[in-house]
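Commentary on secondary and tertiary structure
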Amino acid sequence: MSSTNAPQQAAATPQAATGPHPHAQPGPQALSPARTLATAARVLRQLSHDPRTVALLLLIPVVMITLLRYVFDGSPRTFDAIGASLLGIFPLITMFLVTSIATLRERTSGTLERLLAMPLGKGDLIAGYALAFGAVAILQSLLATALSVWVLGLDVIGSPWLLLLVALLDALLGTALGLFVSAFAASEFQAVQFMPAVIFPQLLLCGLFIARDQMAPVLEAISTVLPMSYAVDGMNEVLHHTDVTGNFVRDVLVVAGCALLVLTLGAATLRRRTA
């Protein structure tokens, strides 16, 4: 009997070795529109139950632009000179803060691990977050742009819709940067600490305070690889030109390309848990 069963046992062994493990996690999934939309809908539902975060996303840029307008109440030309640039910078900063903290909270609470245990790839998760916060960014940019141009009297030679386009791309860039840096933070406090490292150098070198070609050569070279520099340049193109210029197209493509690149890096570095 033992000699008869031996070949059957030997034949069964390789099959068991090569067969799927009952507890094996699913392999990488292709990006699915259905899963991406479901993730975006979940994030938007969570945001709708957090009025303070919604207020931060939608109202802070509006309040800051209004405050800036009346700080320079006696010098409207100064507001015209820097208002358009800050119209893109404020959404970038707020989206960076909220996205980095929200994504980190998903990981520390264990939600991210449970989601990735399902047939949900990292690309679906990152794309869903980008889509959800992108929808918020549209509202944020619409409010800030409409207020600046039609209420606060920001003097723009070009089309306000081009301002809106750059502001929206800046907000999406802030979302992408927030998703990316959240992978390297172990707490919400650390996520906030990334702001001086990621945002402040760009803010100082983007040409907001002084033209980039008047900086030290080393700083000017660094500024040419920072996406916020192109966001400010794009706003200034709309501020001073009636038509779409080649420089404006370049600036828009650079900001959009950086956002896409950072989203890709965010998907690659996304972790289930904090360290």
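Computed from a prediction, not measured in an experiment: that's the story for all the values here.

Each helix and strand in the protein chain was counted, giving 12 helices and zero strands. Going from N to C terminus, the protein chain has its helices and strands arranged as α-α-α-α-α-α-α-α-α-α-α-α. Burial analysis of the protein chain (275 residues in total) assigns 45% to the buried set. Expressed as a percentage of contacts within the protein chain between residues at least 6 apart in sequence, the contacts between residues at least 24 apart total 78%.

Another point: helix α2 (residues 33-48). Three- or four-residue spacings in an α-helix give side chains the same orientation, since the helix completes a turn every 3.6 residues. In a regular helix each residue adds 1.5 Å, so 16 residues correspond to 22 Å; α2 covers 22 Å between its end C-alpha atoms and thus fits that length. Buried residues of α2: Thr 36, Thr 39, Ala 40, Arg 42, Val 43 and Leu 47, and no others. Buried residues of α2 fall within an arc of 160° about the axis and therefore sit on the same side. Facing away from the buried surface of α2 by more than 90 degrees, the exposed residues are Ala 34, Leu 37 and Ser 48.

On the secondary structure map, Gly 174 appears in helix α7 (residues 160-181). The buried category is assigned to Gly 174, whose relative accessible area is 0%. The sequence separation of Gly 174 and Leu 97 amounts to 77 residues, and the corresponding C-alpha distance is 8.1 Å. Excluding residues within four positions of it along the chain, Gly 174 makes contact with Leu 92, Met 95 and Phe 96.

Turning to the packing of helix α3 (residues 51-71) against helix α4 (residues 76-108), a few remarks are in order. The geometry of α3 relative to α4 is characterised by a closest axis approach of 10 Å and an angle of 160° between their N-to-C directions. Considering their axes alone, α3 and α4 lie roughly antiparallel with respect to each other. The two elements α3 and α4 cross, and the hand of that crossing is right-handed. For the pair α3 and α4, contact is made by Thr 53, Leu 56, Leu 57, Ile 60, Pro 61, Met 64, Ile 65, Leu 68 and Arg 69 and by Phe 79, Ile 82, Gly 83, Leu 86, Leu 87, Phe 90, Thr 94, Met 95 and Val 98, respectively. Residue composition of the contact of α3 with α4, by class: 14 nonpolar, three polar and one charged.

So, about the nonpolar core. Ranked by size, the top nonpolar core spans 46 residues in total, and within it Leu 86, Ile 89, Leu 163 and Ile 199 carry the most contacts. Those elements that place two or more of their residues in this core are α3, α4, α6 (122-151), α7, α8 (188-198), α11 (227-240) and α12 (246-269). Sorting elements by how many residues they give to this core places α4 first, with 10 residues. What Ile 199 contacts, discounting residues up to four positions off in sequence, is Leu 92, Ile 93, Phe 96, Phe 194 and Met 228.

Further remarks concern the pattern of salt bridges. Here the structure, examined in full by the defined rule, presents three salt bridges. Between Arg 69 and Asp 73 there is a salt bridge, and its shortest N-O distance comes to 3.1 Å.

As a further point, take the environment of Gly 178. Examined against the element boundaries, Gly 178 turns out to sit in helix α7. Not counting residues within four places of it along the chain, the set of residues in contact with Gly 178 comprises Phe 96, Thr 99 and Ser 100.

Let's shift gears to the UniProt feature "transmembrane region" (unreviewed entry) in the protein chain. Feature annotation in UniProt assigns "transmembrane region" (unreviewed entry) to the following positions: residues 54-72, 84-104, 125-149, 161-184, 191-211 and 252-270. Taken end to end, residues 161-184 comprises 88% helix and 0% strand; its first and last C-alpha atoms sit 36 Å apart.

Turning our eyes to something else, we now look at the packing of α4 against α7. With their axes 7 Å apart at the nearest point, α4 and α7 run at an angle of 30° to one another. Comparing their axes, α7 and α4 come out roughly parallel. Note that α4 runs across α7; the crossing there is right-handed. Taking contact as the criterion, the partners of Ala 84, Leu 87, Gly 88, Pro 91, Leu 92, Met 95, Phe 96, Thr 99, Ser 100 and Thr 103 in α4 are, on α7, Leu 163, Ala 167, Asp 170, Ala 171, Leu 173, Gly 174, Thr 175, Leu 177, Gly 178, Leu 179 and Val 181.

Here is what the cut-offs are and how they apply
Residues numbered from 1 in each chain as written. Predicted model: local features only at pLDDT ≥ 70, side-chain atom pairs only at ≥ 80, totals over all residues. Heavy atoms only, no water. Helix = DSSP H or I, 4+ residues; strand = E, 2+ residues; numbered from the N terminus. Buried < 20%, exposed > 50% of the residue type's maximum accessible area, 1.4 Å probe, protein only. Contact = heavy atoms within 4.5 Å. Expected span 1.5 Å × (residues − 1). Arc of directions from axis to C-beta. Axes fitted to C-alpha atoms, helices over the stretch in contact; angles between N-to-C directions. Parallel < 35°, antiparallel > 145°, perpendicular 65-115°, else oblique. Left-handed = near helix turned anticlockwise from the far one by under 90°. Nonpolar A, V, L, I, M, F, W, Y, C, P; charged D, E, K, R; others polar. Core = buried A, V, L, I, M, F, W, Y, C linked by side-chain atoms within 4.5 Å. Salt bridge = Lys/Arg side-chain N within 4 Å of Asp/Glu carboxyl O. UniProt positions renumbered as here; feature names shortened; annotations may be inferred.

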